[in-house]
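The lines below spell out each chain.
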Amino acid sequence: MSAITLNNITKTYNKGTVLAVDDISFSVEKGELFGLIGPDGAGKSSIFRILTTLLIPDKGTASVVGFDVVKDFQKIRGIVGYMPGRFSLYQDLTVEENLNFFATVFGTTVKENYDQIKDIYIMLEPFKDRRAGKLSGGMKQKLALCCALIHKPEVLFLDEPTTGVDVVSRKEFWEMLARLKAQGITIMVSTSYMDEASLCDRIALMIGGKILSLDTPAKIIEAYPEKLYAIKSPNMHKLLRDMRTNDEILTCYASGEYIHLSFKNTTKENEGSLKKFLEEKGETDLVFKETIPTVEDCFIRLLGHTDGNSN
Amino acid sequence: METVIRTKDLTKRFGDFVAVDKITFEVQKGEIFGFLGANGAGKTTAMRMLCGLSRPTSGEAMVAGIDVYHKPEDIKKNIGYMSQKFSLYEDLTVLENIKFYAGIYGLTDKQIKDKSDELVEKLGLQSQAKVLVKLLPLGWRQKLAFSVAIVHEPKVVFLDEPTGGVDPSTRKQFWDMIYDASERGITIFVTTHYLDEAEYCDRICIMVDGKIKALDTPFQLKQNFKADNITEVFYQLARTAKRGDD
């Protein structure tokens, strides 16, 4: 049995004028770490709210651990943990009070399930008497995760847990998720950081309420249709502008210290003719090499254009 | 070279807590200056002082030729600002937002009209000009917000995590706009959590515990720290943080 199943789920807002989730179907296996990857407005949060029974879909059916999200909503609420995108703990309660509160609501105690949160809670312990509203971003995030875990949920829903969090805390957070996954918890997590996608077992790349692609990160990268190259020179902005005037190039954009590019028709002559073209434009000290696409490259390719019409 | 931002031992204390601890740096005209640091490193506090929103405890700071102690109000006229959290009025249309900001920054009616037409066309928002901003996708909103933040051609624009949550394709276009502005001579002061974007900056400054721990070109930083990318440099420095994320 799948841990999560969605069949043709559609959700609109504002009397049907805003289409948030557009006929989406997929399932998540038990114990899987599944990522919804996409920008704001992709429909990620709506899916989370439907699966956690906080929102009723317009069309379609969905289930969590075999329970229907509409009919069996009470059963689902007892066995899932949910960390919403916006910090939703009680700001005026302390760290410890929040945790006790959530444990009590779910009919358990912090003591009983302490082993579940221990790894994370020890980082919070020095601040246990501080009010949640006075915590830093990274600490709030850790507390929210503890509160979502305190009743030992079977499925954990984490909506953009790392948004606005620096890279060091983001890395720590994903290490925590790996440990939770090792305990057998099914995790569905969303993010707009493409580099986090590779840390999931499978990912769904989403935009505008639709799934562009759904597979393991490795398979998604394998499916990249063209050869991808990386190029750099001392003046990157000029290089990018020059390349945009070349007819043989399908796509080119900055990616870290390089510019990534692909050709409309990949041939042996591509490299030589591009170098000649750029040298005529006055470019010097070019570094040019083939490169392996990242999930971000795949996402951009799936969007199909970099002309300003996306999102 | 014209120096647009200059600080010397700039410090901000909140009681015993030293949020920004004697930072000294200069930013040149047209430069794209990346301002990085872990959560709690003091970035926001430093930025608020440079924008004339928070009075320094000690030290010196000059922005766009104006001293932050004596004429903080004048600074506001000479800078632009946008952040992920707040940038535009969602209940106003695209055109209304442009007109509102252009008006606040003191453009004449004629200039406002020309600027509105120009921006709407450049952003490809002709069919959306009378649409409420809250109905626009985030990526478009952020591109509009940036255009509005520099509608008065300020000497420097402060961008506080401008691309958070934006799709990768639009993120690239956003950086194209940053490059264009910089080539027109507008100085860009930008914070980001996307460290691939740090590579696009002319120079990067990394703050740890309120102090500047590194300041150089991306290339030089990678050399100095024997790192393959800026993320590695960042890890090396952020790991030394003592006051942590608290």
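Since the structure is predicted, the reported quantities are computational estimates derived from the model, not experimental observations.

Cut-offs used in this document
Residues numbered from 1 in each chain as written. Chains lettered and ligands numbered in written order. Predicted model: local features only at pLDDT ≥ 70, side-chain atom pairs only at ≥ 80, totals over all residues. Helix = DSSP H or I, 4+ residues; strand = E, 2+ residues; numbered from the N terminus. Buried ≥ 20, exposed ≤ 12 C-beta atoms within 10 Å, placed from the backbone. Contact = placed C-beta atoms within 7 Å. Domains from an automatic or database assignment. Nonpolar A, V, L, I, M, F, W, Y, C, P; charged D, E, K, R; others polar.

Draft legend 1. Up close: the overall build of chain A. Helix and strand counts for chain A come out as ten helices and 14 strands. Along the three orthogonal principal directions, the C-alpha set of chain A runs to about 70 × 45 × 35 Å. When the 311 residues of chain A are sorted by exposure, 44% land in the buried category. Counted over contacts in chain A with a minimum sequence separation of 6, partners at least 24 positions apart contribute 70%.

Draft legend 2. Up close: the domain arrangement of chain A. Taken domain by domain, chain A comprises domain 1 (4–216) and domain 2 (225–292). Between the C-alpha centres of domain 1 of chain A and domain 2 of chain A the distance comes to 40 Å.

Draft legend 3. Up close: the interface of chain A and chain B. Contact residues are listed per partner, giving 31 residues for chain A and 31 residues for chain B. Residue assignment for the side of chain A that touches chain B shows that the elements contributing at least two residues are helix H5 (137–149), helix H6 (167–182), strand E12 (249–255) and helix H10 (295–303) of chain A. The dominant element in the side of chain A that touches chain B, judged by the number of residues it contributes, is H10 of chain A, at four residues. When grouped by side-chain class, the residues that make up the side of chain A that touches chain B number twelve nonpolar, 15 polar and four charged.

Draft legend 4. Highlighting the environment of Met243 of chain A. Residue and element names in this part refer to chain A. Mapped onto the elements of the fold, Met243 is located in helix H8 (residues 236–243). Separated by 31 residues in sequence, Met243 and Leu274 place their C-alpha atoms 8.5 Å apart. Among all residues touching Met243, those that are not within four sequence positions of it are Ile249, Cys252, Ile259 and Leu261.

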